[in-house]
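A structural walkthrough
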Amino acid sequence: MALTKVRNIVIQGAAANVNDFGAVGDSSANDTVAVQAAFNSGSGGIYIPDGTYLIDEITVPATVQRIYGTGTLKQRATDTKLLVGSSIDGLIIEGLNLVGNYAAGQSVASSDNRGVEFTSCSNLRVLNCNFSNIQGIAIQLNDCEYPTIAGNKIELCGRGIYFRGCDNGTIDNNLIKDTILLVSVFTIGISLESTDGHAYGICNNITISGNVVKGYKNAQGIMGHTARNVSIVNNVVSDPATGISINPFNATDICSNISIVGNTVECETTISLGAWQYGGGNDGIIVQAGPLTPDVTDISISGNIVINANRATSAPSNQAGIRVGYARRVQVSGNTITAAKQSGIYLTDSEEGIAITGNTISSIIVEASEQNGILVAAVSEGIISGNSFDTLNDANGSGIRLEASTQMTIGENSFQDVTNNVTGSGSEAPKASRTVTTGVVAPLAGVDVIYFNHSTPTTIESFSGVVVGKLYLFQFSNGNTTINRTNAVLDGGTNKTGSTGDVMLMVGFSSTSMRQAAPISVNS
């Protein structure tokens, strides 16, 4: 009697091998029906052995818990998705190769083309997979809880990893490089998407760490339109148009409680952004809302390294190494910004608890318009202190420049090879031209920086109009001014004669006296 091989027998607990369901894997045959049969077999595991399996869209049922193997799933037709599923708990996709059918140089990012797309799943993990030649998005998750995307390589795809309305997720140690799209097409490496166009809500409690985004020259490396309780930590973004961007897109997007810490961003310098469709800028790190979106709130940007921001050809104006706008409660601290064009740090239209402290800003690139180490415009209630500036040789620019800003405290900062240390205005007269001759300090609506620029030796004997507890920064333009200690409690118990570039931080002690609040800082 002849023996007949029986297929499609599922052994309880064993993985379903797609070859046992008729898949050929010769990179020529249409394996869609066979592969889908394996997924529909009821097995908890699906094994993809060596080979290249040409498929259309495969739907992953909730019975599947693991998809793994050394084989390749490749798109058979354009504008399709490789793996899709919904309402699955605990699915692991591990070690696969997922390949599109597009070559480099695509002029559009297909709206339908995906590597994997899953909706309303929990504990989904995509681990150590390789994605390539996918014109749309390599990995898209919608409304998923506790997802983990880790250790994947995404190369020559239109876009990288997209979350929509996901909670408690991790995007960790992925490599995303060399978008398939033309340099004129806007794209994103890692994205926490807007609420626009779907009902999945905002992204909450997401950690983006240890990823490398490289060669997305027309892109934002890491972007969040919705981001609440989000940490962006220790990533490397190389050659982007914009490195890290947090910016609500519409009135229902929320961006709050965000930490951007320890990242390295080296911006693209060789392309022309004049042809860039998005036109959003060439910043290293930008956290900015707009007049029609909610403010971004509770932001910490610290310990990052930013190089070559805003140096691409035809980059828009008002860009910076780090730019923050329409924000409340922001700390920008301990960052290193080198070789940016226009501004190292730029804050605008922000208020309440603004702190720019301990940053190092050097070698700002001088072009036609003024260059500034820190530019603060229309900002209130903040402090700028402990920053270090080196090589800002622009006659029109400054180490620190303030425009229409109020209740700002300028603490002790250091300046090396800087043409102008501190310039600008509050809401009243420009402070750069303010000269004190009598010691009368009127309450100021703007930044309390007082310039001493006497042409002959002058001693300040008394003060009036002092606000108790308020900080005042004395800046000496030359050596002609002496502060008498009768009504100023000074370090060392002696009068203070300033030298060119010296600054001294004072605090109001009574309506007619001050006390020194910090040691003398000397411009060297």
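Up top you'll find the structure we're talking about.
The present account deals with the structure reproduced in this document. (Residues numbered from 1 in each chain as written. Predicted model: local features only at pLDDT ≥ 70, side-chain atom pairs only at ≥ 80, totals over all residues. Heavy atoms only, no water.)

1. Concerning the environment of Gln407
- Relative to the helices and strands, Gln407 is located in strand E40 (residues 406-410).
- Under the relative-accessibility criterion, Gln407 is labelled exposed at 52%.
- Measuring from C-alpha to C-alpha, the distance between Gln407 and Ser380 comes to 5.4 Å, with 27 residues separating the pair along the chain. (Helix = DSSP H or I, 4+ residues; strand = E, 2+ residues; numbered from the N terminus. Buried < 20%, exposed > 50% of the residue type's maximum accessible area, 1.4 Å probe, protein only.)

2. Description of the pairing of strand E30 (residues 296-302)
- Along E30, 5 of the 7 residues are buried, which leaves the element largely enclosed by surrounding structure.
- Where E30 meets strand E33 (residues 327-333), 6 bridges bridge the pair, whose relative direction is parallel. In the strand pairing of E33, Ser300 is matched with Gln331. (Pairing = 2+ DSSP bridges.)

3. A closer look at the sheet that holds strand E48 (residues 496-497)
- Across the sheet, which stays open at both edges, the 3 strands sit in the order E44-E46-E48 with mixed pairing between neighbours. Strands at the two margins of the open sheet, each flanked by one partner only, are strand E44 (458-460) and E48.
- Here 2 bridges tie strand E46 (residues 481-483) to E48, and the two strands are oriented antiparallel to one another. Of the residues in E48, the one forming a bridge with Thr482 is Thr497.

4. Thoughts on the packing of aromatic side chains
- For the structure shown, the criterion picks out 1 aromatic pair.
- Look at Tyr47 and Tyr68: their rings are 5.3 Å apart centre to centre, the planes differ by 50°, and that puts the pair in the tilted class. Highlighted residues: Tyr47 in strand E3 (residues 45-48) and Tyr68 in strand E6 (residues 66-69), separated in sequence by 21 residues.
- The aromatic ring of Tyr68 is capped on one face by Arg66, whose charged end is 3.9 Å from the ring centroid. (Phe/Tyr/Trp six-rings, centres within 6.5 Å; stacked < 30°, edge-to-face > 60°. Lys NZ or Arg CZ within 6 Å of the ring centre and 35° of its normal.)

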